[in-house]
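Structural characterization, general
Each chain is listed here by its residues.
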Amino acid sequence: MNDTPAPPAPALVSSARGLTYDIAIIGGGAAGLSTAASILKRKPGITVVIVEPSGSHFYQPGWTLVGGGVFKQSQTRRSEKKLIPAGADWVQAAASGFDPDGRIVHLSNGSSLRYSILIVATGIMLDWDAIEGLPEALGRNGVTSNYRYDLAPYTWQMVQTLGRGNAVFTQPPMPIKCAGAPQKAMYLACDAWRKRGIADNINVSFHTATPGLFGVKDYVPALMEYIERYRIDLQLKSNLVAVDGPRQVATFSNVGADGVTTKSEVEFAMLHAVPPQRAPDVIRNSPLAGADGFVAVDPATLRHVKYDDIFALGDVAGTSNAKTAAAVRKQAPIVAVNALAALEGRPMVADYDGYGACPLTVERGKIVLAEFAYGGKLAPSLPKWVLDGRRPTHLAWLLKEYVMPLLYWDGMLKGRELMVEPRPLCGKS
């Protein structure tokens, strides 16, 4: 018989004025929840608070499959309260300011809290307003985006109802979360149109502000095969700058081979738009930010370069890895053990190699599973004879549709670290 008492249930703290915690985590998304769970699994007795304003938690990697008619919208949303790890408090507010010298976080509800260790996991800001006319165009006249929970079903609606015309897909400048998501939406749409026998009636174009189709060259050949198969007009260095929804016209800023920038207008029947993305204002305008606006951390330990009691992970961390849920799954246990080491006054004990993954849904039933670390170095999780991520495979699709959601909800968010145990720090303190 196990006489160990059960940990306390998650507590919703309505006011944090004057409260002090061993560890304060700003952000209750994938990064914040996973790190909190990993910390409490290792040291149940410490005090941990999660600061998160939203009452809902979203499995954002699933929105591509919602937009492709594979997942239902409801499969990607759960109650935040039910996901808070036992033993942690939850303050349902946002951070409004940071005083790292005083170890104080100011909150949107007028309260403040103190900490011994701070972990920043606020995520990234989607700047819809940066594209003229886009906010008011979304959700009508064929303008959609899988980057929003409420719009992903409209993407699938457009794919199902579109019979002819121009289908335009866009990607903004880096950094963005899940850099493959803009083209994933396109491939799934093209596959659906091909299966309906109407692909010849739809002119598909992909306008990306980047100089190449994908940032890791080993995966480009397989993706280019699908660009050619679906007869997609690939436009590099072409950035969406304005949308006229009623007229169904998109305006692009294009950089030519001679370096000269011009503008062009493209009519559309369907437009899948992805907004520029940046660090949240509360981070950009704080002492935590580096020159790029993101939290300035050591890329290996994920510890702040100036404040030894501050860490960051996920999309808000100023590192060069891909901003994906797979990166968070690898980062969370590393931040957990390093934060606990810092709390106890010990040197850092683990480092991060920059791992990230992007399952590129090139057709329904097949995926190019891109896995890579810092510098674009390939970092496959499985042997090549089991799964070669450089080629489209059905096995990778099964992982995306069935295994990865389970790993997310029942694995990483609960501090279970299958295949992501922290590796020892390599000669660094």
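Residues numbered from 1 in each chain as written. Predicted model: local features only at pLDDT ≥ 70, side-chain atom pairs only at ≥ 80, totals over all residues. Heavy atoms only, no water.

Some words on helix α7 (residues 220–229)
This is how the line gets drawn: Any residue under 20% of the maximum accessible area for its type is buried, any over 50% is exposed, and the rest in between are partly exposed; the area is computed with a 1.4 Å probe on protein chains only. Each helix is a run of H or I in the DSSP string that is no shorter than four residues. Each strand is a run of E no shorter than two, and both are numbered from the N terminus. The arc in question is the one spanned by the directions pointing from the helix axis to the C-beta atoms. Contacts: residue pairs with any heavy atoms within 4.5 Å of one another.
Those residues of α7 lying buried are Ala222, Leu223, Tyr226 and Ile227. Across the axial projection of α7, the buried residues extend over an arc of 150 degrees, all falling on one side. Tucked inside the fold, the buried residues of α7 contact α6 (181–196), β14 (233–236), β22 (356–363) and β23 (366–372). Count one or two residues on from α7 and you reach Arg231, which has phi positive near 55 degrees.

Digging into the nonpolar core
Short version of the rule: By nonpolar core we mean a set of buried residues, namely Ala, Val, Leu, Ile, Met, Phe, Trp, Tyr and Cys, connected to one another through side-chain atoms within 4.5 Å.
By size, the foremost hydrophobic cluster in this structure holds 83 residues, and its most contacted members are Ile23, Val48, Val105, Leu118, Ile119 and Val120. No other element matches the eleven residues that helix α9 (residues 325–343) contributes to this core. Residues within four places of Leu118 in sequence aside, it is in contact with Ala24, Ile26, Phe98, Val105, Leu288, Asp309, Ile310 and Phe311. Core analysis: the next-biggest nonpolar cluster, separate from the first, contains 60 residues, Val168, Cys190, Ala222 and Leu360 among them.

Side note on α6
Note the cut-off: Take the number of residues in a helix, subtract one, and multiply by 1.5 Å to get its expected span.
Taking 1.5 Å of rise per residue, the 16 residues of α6 would be expected to cover 22 Å, and the 23 Å separating its terminal C-alpha atoms lies within 8% of that figure. Within α6, 13 of the 16 residues are buried, leaving the element largely enclosed by the surrounding structure. Looking one or two places after α6, you find Gly197, whose phi comes out positive at around 80 degrees.

A few points about the pattern of salt bridges
Our working definition: The salt bridge definition used is simple: a Lys or Arg side-chain nitrogen within 4 Å of an Asp or Glu carboxyl oxygen.
Taken as a whole, this structure holds 19 salt bridges when the rule is applied. Among the ionic pairs, Arg148 bridges to Asp150, the shortest N-O distance being 2.8 Å. Classification of Arg148 as partly exposed rests on a relative accessible area of 27%. Classification of Asp150 by relative accessible area gives partly exposed; the value is 44%. Through salt bridges with shared partners, a single ionic network connects Lys41, Arg42 and Glu417.

Notes on the packing of α6 against α7
The condition is simple: Comment: axis = line fitted to C-alpha atoms, over the contacting stretch for helices; angle = value between 0 and 180 degrees taken between N-to-C directions. Oblique is the label for every angle not falling under 35 degrees (roughly parallel), over 145 degrees (roughly antiparallel), or within 65 to 115 degrees (roughly perpendicular). The sense of a crossing depends on the near helix, which, turned anticlockwise from the far helix by less than a right angle, makes the crossing left-handed and, turned clockwise, makes it right-handed. Residue polarity is assigned by list, with Asp, Glu, Lys and Arg as charged and Ala, Val, Leu, Ile, Met, Phe, Trp, Tyr, Cys and Pro as nonpolar; anything else, Gly included, falls into the polar class.
At a minimum axis separation of 11 Å, α6 and α7 run at an interaxial angle of 45 degrees. Between α6 and α7, the angle is such that the two are oblique. With respect to the hand of their crossing, α6 and α7 are arranged in left-handed fashion. Packed against α6, whose contacting residues are Gln183, Met186 and Tyr187, the element α7 presents Leu223, Tyr226 and Ile227 at the interface. Residues belonging to the contact of α6 with α7 are distributed by class as follows: five nonpolar, one polar and no charged.

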